[in-house]
Amino acid sequence: MTELSVIIPTLKPEDEVESLRRLERLAFDDYEVIVRDDDRATTARNEGIERAESDKLVFLDDDSLPAEGYLERAAELLDREAAVAGRVVHPRDDVVKRFTGHYALAGSAKYVSRFWGCNMLVRREVFEDVGMWDEEITWGHEEKELAERVLHEYPIYYDPDLLVYHAYADSIVDLWRKAYRMERQTPHYWDRVGRPRSQQWVDTVRLLLDPFKYVGYSAPHTVARAGRTVARVAGRTSGLLDSASTGGGRRRDLPFF
């Protein structure tokens, strides 16, 4: 049996998938890659799981760049851990880097409460026990939602040596775009965890009116942060209105790339 199955969701042509080219340069070769172009990242990952030959599943984004020794480390970790979060590094020293604090899980190995789809490992048995990725989430919060289910049955281990380089956003405008798309999914996530709709609106208004969300450490950071706050409020409001119009049902598709 193949040692590892690497699952990559993408809408790019295969020759433009950066993670594929990086994997081909690594020494480890006992793996397969499943590239899926379904319209939702969660659907692509679920289809990848169904088609995988191995019970050791590796999840990367199409622009995740694994460090040397990544696959060997993944195989070793999945011999003893059911779910693993890897270290993610934004590769540029730019204003976007200030918005990647969520990547900083720890400086040393420990058990954590979350993982990220651009660098995570999961044994197949975990999905058999807790269920698959939530396909109602087009992009944003899907890892958080899955992690919460996983933690009811399994610990999530963080390994800083399982390293990928992954740009969180390519520019300030891209940062704003991602903030909008993620927050558009927030009402769905809140519905899943039972947060009352009235409280969702209250929290959205609080975000809009919080002056500290518009102030940064420098002029570029202030512009980026203020615009991101506006984008978050706009996305969340759109999600709330969309959910109200569909009665809390399936949301309209949004691309995940």
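See above for the structure.
Residues numbered from 1 in each chain as written. Predicted model: local features only at pLDDT ≥ 70, side-chain atom pairs only at ≥ 80, totals over all residues. Heavy atoms only, no water.

1. Considerations on the nonpolar core
Heads up, the condition is: Remark: nonpolar core denotes a set of buried residues (Ala, Val, Leu, Ile, Met, Phe, Trp, Tyr, Cys) joined through side-chain atoms within 4.5 Å. When accessible area is computed with a 1.4 Å probe and restricted to protein chains, residues below 20% of their type maximum are described as buried, those above 50% as exposed, and intermediate ones as partly exposed. Should any heavy atoms of two residues lie within 4.5 Å, those residues are considered in contact.
Ranked by size, the top nonpolar core spans 55 residues in total, and within it Phe-59, Tyr-70, Phe-115, Leu-121 and Val-150 carry the most contacts. When residues no more than four places from it in sequence are discounted, the contact partners of Val-150 are Ala-83, Phe-115, Val-126, Val-130 and Ile-156.

2. Here's the deal with the pattern of salt bridges
Side chains carrying opposite charge are able to pair once their charged atoms draw close together. To be explicit about the condition: Note on definitions: salt bridges are taken to be side-chain nitrogens of Lys or Arg within 4 Å of carboxyl oxygens of Asp or Glu. By definition, any uninterrupted DSSP run of H or I lasting at least four residues is a helix, any uninterrupted run of E lasting at least two residues is a strand, and each is numbered from the N terminus.
Tallied over the full model, the rule gives 25 salt bridges. A salt bridge links Glu-18 to Lys-12; the shortest N-O distance between them is 3.7 Å. With a closest N to O distance of 2.4 Å, Arg-51 and Glu-47 form a salt bridge. Of this pair, Arg-51 and Glu-47 both sit in helix 2 (residues 41-51), 4 residues apart, which is roughly one turn of that helix. Residue class for Arg-51 comes out partly exposed when judged on its relative accessible area of 47%. Accessibility expressed as a relative area gives 24% for Glu-47, which makes it partly exposed. Within the structure, one salt-bridge network assembled from shared partners comprises Asp-134, Glu-145, Arg-149 and Arg-192.

3. Some remarks on helix 5 (residues 142-150)
Most of helix 5 sits out of view: 7 of its 9 residues are buried. Buried within helix 5 we find Glu-142, Glu-143, Glu-145, Leu-146, Ala-147, Arg-149 and Val-150. For helix 5, the elements touching its buried residues are helix 2, strand 5 (83-89), strand 7 (119-123), helix 4 (124-130), strand 8 (156-165) and helix 6 (172-192).

4. Digging into the packing of helix 6 against helix 8 (residues 219-245)
Where we set the bar: Fitting a line to C-alpha atoms yields each axis, with helices limited to the stretch in contact; the angle taken between N-to-C directions then spans 0 to 180 degrees. The sense of a crossing depends on the near helix, which, turned anticlockwise from the far helix by less than a right angle, makes the crossing left-handed and, turned clockwise, makes it right-handed. Under the scheme applied, nonpolar residues are Ala, Val, Leu, Ile, Met, Phe, Trp, Tyr, Cys and Pro; charged residues are Asp, Glu, Lys and Arg; polar residues are all the others, including Gly.
It is at 7 Å that the axes of helix 6 and helix 8 come closest, and there the two elements cross at 35°. Judged by the sense of rotation from one axis to the other, the crossing of helix 6 with helix 8 is right-handed. Residue composition of the contact of helix 6 with helix 8, by class: 13 nonpolar, 6 polar and 7 charged.

5. A word on the layout of surface pockets
Using the following cut-off: The definitions used throughout rest on a 1 Å grid laid over the protein atoms alone, on which a cavity is an enclosed set of points accommodating a 1.4 Å probe that cannot get out and a pocket is an open set flanked by protein within 12 Å on both sides along at least five of seven lines; lining residues are those having an atom within 4 Å of a point. Grid points are joined across faces, edges and corners, and a volume is the space filled by probe spheres set on the points.
Here the largest pocket defines a volume of roughly 1000 Å³. In terms of lining, the largest pocket is formed by 43 residues, of which the most central are His-102, Trp-139, Tyr-168, Lys-178 and Met-182. For the lining of the largest pocket, the secondary structure elements donating two or more residues are helix 2, helix 5, helix 6 and helix 8. In terms of residue count, helix 6 provides more of the lining of the largest pocket than any other element does, 9 residues in total. Classifying every residue of the lining of the largest pocket by side-chain character gives 16 nonpolar, 7 polar and 20 charged. The volume enclosed by the second largest pocket comes to roughly 160 Å³. Lining the second largest pocket are Arg-87, Val-88, Val-89, His-90, Lys-97, Thr-100, Gly-101, Tyr-103, Ala-104, Leu-105, Ala-106 and Tyr-158. The leading source of residues in the lining of the second largest pocket is strand 5, at 3 residues.

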